[in-house]
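What follows is each chain in one-letter form.
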Amino acid sequence: MTATRNLGFVAAAATLLAAAPLSAIFQRWTWLVQAAIVVAIVAGAAALSRLARAPLWGQVLAMLAGLTLGLTWIFPGGTELLAFVPTPATFAHFGELLGSSVQDMRSYGVQVPDVDSLLFLTVLGVGGVAVVVDVLAVGLRRPALAGLPMLAIYSVPVAVYVDSVPATPFVVGACGYLWLLVTDNVDRVRRFGRRFTGDGRDVDVWEASPLAAAGRRLAVVGVVLAVAVPLVVPGMTGGLMNTVANGNGEGNGRPGQGGSPGRIDLFAALSGQLNQSEETELVKVTTNEPAPFYLRFGVADELRPDGFRVRVPTGRSVTRNLPDPTGRGGRGVAQRGYHASVEVSKNLNMPLLPFYAEPVKTDNLSGNWLYDPNLQIVFSNRENSRGKRYAFDYIRSTYSPSVLRAAPSLPADDPVLRGQTVTPSVQAVDKLVAQLVKGRQNDYDRVRAIYDYFSAENGFTYSLSTKGGTGGDDITNFLDTKVGFCQQYAAAMAWLVRAAGIPARVAFGFTNGSSSDGGRYVLTNRNLHAWTEVYFGGIGWVPFDATPATSIQGSVRSAWAPDTDAPEEVSPSAGTSAGPGGVDASAGPNGPDRLDKDIDQGLSIGAGGPNQQTPVWPWWLGGTLVLLALLAVPALRRSALRRRRRARATAPAATVLTAVPTPRGGARDVTVGVDAERARADAHAAWDELLDTLVDYEVRVDRTETPRTTAERLVRESLAEDTDAVSGVRLLGRAEERARYAREPLTGEALHPALRSVRTTLAARADRRTRIMAALLPPSVLLHWRTAVADGSTRLVAITGQVRDRLLRWNPRRLLAGRPVR
């Protein structure tokens, strides 16, 4: 019973190891702690039932009871007896958790926070798998079948994780499965008693037998191949191939590449190749709004010392009711509803969808697309934007400066204030902010003071030839040089606004592109852009674009954030807007370029610095060329062998010298240099070529026959009607026979013509398929390779066995007291 109990605990541990891939879909390790508790209870219940010699069905009932008690203790409903004995209300609570888990799976994206419903579903699944694995491995003694429920656990992250599941958790799970198999094997061996060698030496049960050693080697090779193959085969994963293509293993987060929304580095994309020589169409949008604001798709609101980062979004399905912003902000906030339809091109491939701010209804999108009301973005963990067509209704909110000035400051305990004002301490930035906001009485005036600072009057200019980082050193450098593009302007303003104690973040999207009649806009890579959004109490997020308007195609300015470089323009009166409701005429792509001749081409489809974009060859073309090269290797090898054997078969084996003078003044012919070894080698080469030819044309080869017998069989079966081929094969047989058995080999015969005549006759008698295979994939070469691999494996096994035997002779355990030394 001890061995059986040990196997049961190993089955429980293997189940937990097989659950390791679930770490890819959870933010924290709470699920693992809870699953370990439940699996331990299940394993303990199984061990107690076996100790009581319960039948298999009794063991199953005991494990299910342990699973129920564990779930009751970890996920109490408040009506339990003694904190872990369930009641009918407890099962009703479990039903509610299961029902909630269905909706929460649609609402949350990877990685998932600690939600009770999803934790309950995970722990229940792992505990159920532990019961099934125990029954298969211990009860039925079929541990190999236990891999199926373990594989079911692994299929969960594979199904929901948009990126490739990391290889490390898979290796951990595979090791658990192998551990279970090895333990079962050792237990089976122990049932037969002690092991002995042929000379009577006692062998420990854990010492490897040749069969067990081969099994372990196969297991290791299988795990290595399972991890390595998806990394190198194009199309199977986003692993090594994407790493080589994109430069780093973390992805560059640029539009045009899928991935997890939380892993996209939108700033890295913005720092890409801005001087593209080609303009790429990305989105077509049609809206009934006369002058729409920017179409947005991403937000970076997590500020670290190295800059702004995109955090993992969470939300609910867009097919459900979206938040309605109507009435927010009170009087002075103009709100109007509009409708838009979007067509995303195949050049834009990302897990985010372009939307105008504050959508209230969507059409033609599945439940896989989620809306984050905090970030105001639409994202998916299972789909991408490529080729999507959809429509939506949205609310456009416009503000007057007086309304924003009247907005109250957020209280100190407000979650938005605490989360969106975290700023690393940079002395130069803090000093500048203190100077700018000095004497300002409200949030809007503080924001306007910072916004107005990024103007040509203060020396700021627009340029593409700057570093694209957003860390503390990068922002300080930008504020010192006052030269940059939209990334630096947006990130610097957001940083300064946060330093002033006001929530701010960076938004990404498209400026207005070229338009046609009917409100249809074509947006390209040159319209990709970044700007700042600031949060005002009672109103929400309000956009501010500090980048010079004359340097941006399709730039839009508003009454609350006018063009600071056009002071001569008359500002609209209070309660009106020249922004989303009216575009600044001087702030378009056709306005005077007073700052810089460069044009912000936004988020580049290519990566790297501001170099010209190099042509990108499709991966399948390279794969096809590599495949063709590999397929040509056997034919090239066969051709090389034939040429080498032909050179030997045509070389004379003897040389005749004439007119050698004699002592009497005459001359005589003398034969000199009959090289027997060379003649034998020539005969062997010709015979090997004949045998390979027979293999290529699917003629039976019997290695036990003598050369003469083989030649006569070929005359009867394949060459009876061709006189040249018959004489040729008999010549080859006689030459090989003499080379093997005679004192003197056959010399002075041309073996190559004989080979050519036999090959021509065999090719004429073969069908088309055989001839094609003999030319492209010669079976003789493949046979040689298989034989070489088998011989190499045999030698490797023999050498490994010899090394193991020598190591066992010096086993330290033989030095222990009480064990005989042999």
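This text goes with the structure placed above it.
Residues numbered from 1 in each chain as written. Predicted model: local features only at pLDDT ≥ 70, side-chain atom pairs only at ≥ 80, totals over all residues. Heavy atoms only, no water.

Colleague: For this particular structure, what's the right way to read the packing of helix α3 (residues 56-74) against helix α5 (residues 116-139)?
Modeller: Describing two packed helices takes the angle between their axes plus the distance from one axis to the other. The interhelical angle for the contact between α3 and α5, taken along N-to-C directions, is 160°, at an axis separation of 11 Å. Of the possible angle classes, the one that applies to α3 and α5 is roughly antiparallel. The two elements α3 and α5 cross, and the hand of that crossing is right-handed. From α3, L56, V60, M63, L64, L67 and L71 reach across to α5, where they touch F120, V123, L124, G127, G128, V131, D134, V135 and G139. (Axes fitted to C-alpha atoms, helices over the stretch in contact; angles between N-to-C directions. Helix = DSSP H or I, 4+ residues; strand = E, 2+ residues; numbered from the N terminus. Parallel < 35°, antiparallel > 145°, perpendicular 65-115°, else oblique. Left-handed = near helix turned anticlockwise from the far one by under 90°. Contact = heavy atoms within 4.5 Å.)

Colleague: Teacher, can you tell me more about unusual backbone geometry here?
Modeller: Peptide bonds are trans in most cases, and residues, glycine excluded, mostly fall at negative phi. A positive phi angle is found at K482, which is not glycine, with a value near 60°. Mapped onto the elements of the fold, K482 is located in the loop between α15 (472-481) and β15 (483-484). With a phi close to 60°, E698 is a non-glycine residue in the positive phi region. Position of E698 relative to the elements: it lies in the loop between α18 (676-696) and α19 (707-717). The exposed category is assigned to E698, whose relative accessible area is 53%. (Buried < 20%, exposed > 50% of the residue type's maximum accessible area, 1.4 Å probe, protein only.)

Colleague: How should the packing of α19 against helix α20 (residues 723-741) be read in this particular structure?
Modeller: Two numbers describe how α19 lies on α20: the axes approach to 8 Å, and their chain directions differ by 170°. By the angle between their directions, the pair α19 and α20 is classed as roughly antiparallel. Residues P707, R708, A711, E712, L714 and V715 of α19 lie in contact with α20, whose contacting residues are V726, V729, R730, G733, E736, E737, R740 and Y741. Grouping the amino acids of the contact of α19 with α20 by side-chain chemistry returns 7 nonpolar, 1 polar and 6 charged. (Nonpolar A, V, L, I, M, F, W, Y, C, P; charged D, E, K, R; others polar.)

Colleague: What exactly am I supposed to notice about the packing of aromatic side chains here?
Modeller: The geometry of an aromatic ring pair is captured by the separation of the ring centres together with the interplanar angle, meaning the angle of the planes. Taken as a whole, this structure holds 29 aromatic pairs when the rule is applied. Relative to W31, the ring of F26 lies with its centre 6.1 Å away and its plane at 25°, an arrangement referred to as stacked. The same class applies to F26 as to W31, namely buried. Residues Y535 and W541 carry aromatic rings whose centres are separated by 5.1 Å and whose planes lie at 70° to one another, so their mutual orientation is edge-to-face. Taken as a pair, Y535 and W541 share a single burial class, namely buried. Site record: aromatic cluster; members linked through ring pairs are Y338, F355, Y356, Y390, F392 and Y394. It is R505 that lies over the ring of W541; its NZ or CZ is 3.9 Å from the centre. (Phe/Tyr/Trp six-rings, centres within 6.5 Å; stacked < 30°, edge-to-face > 60°. Lys NZ or Arg CZ within 6 Å of the ring centre and 35° of its normal.)

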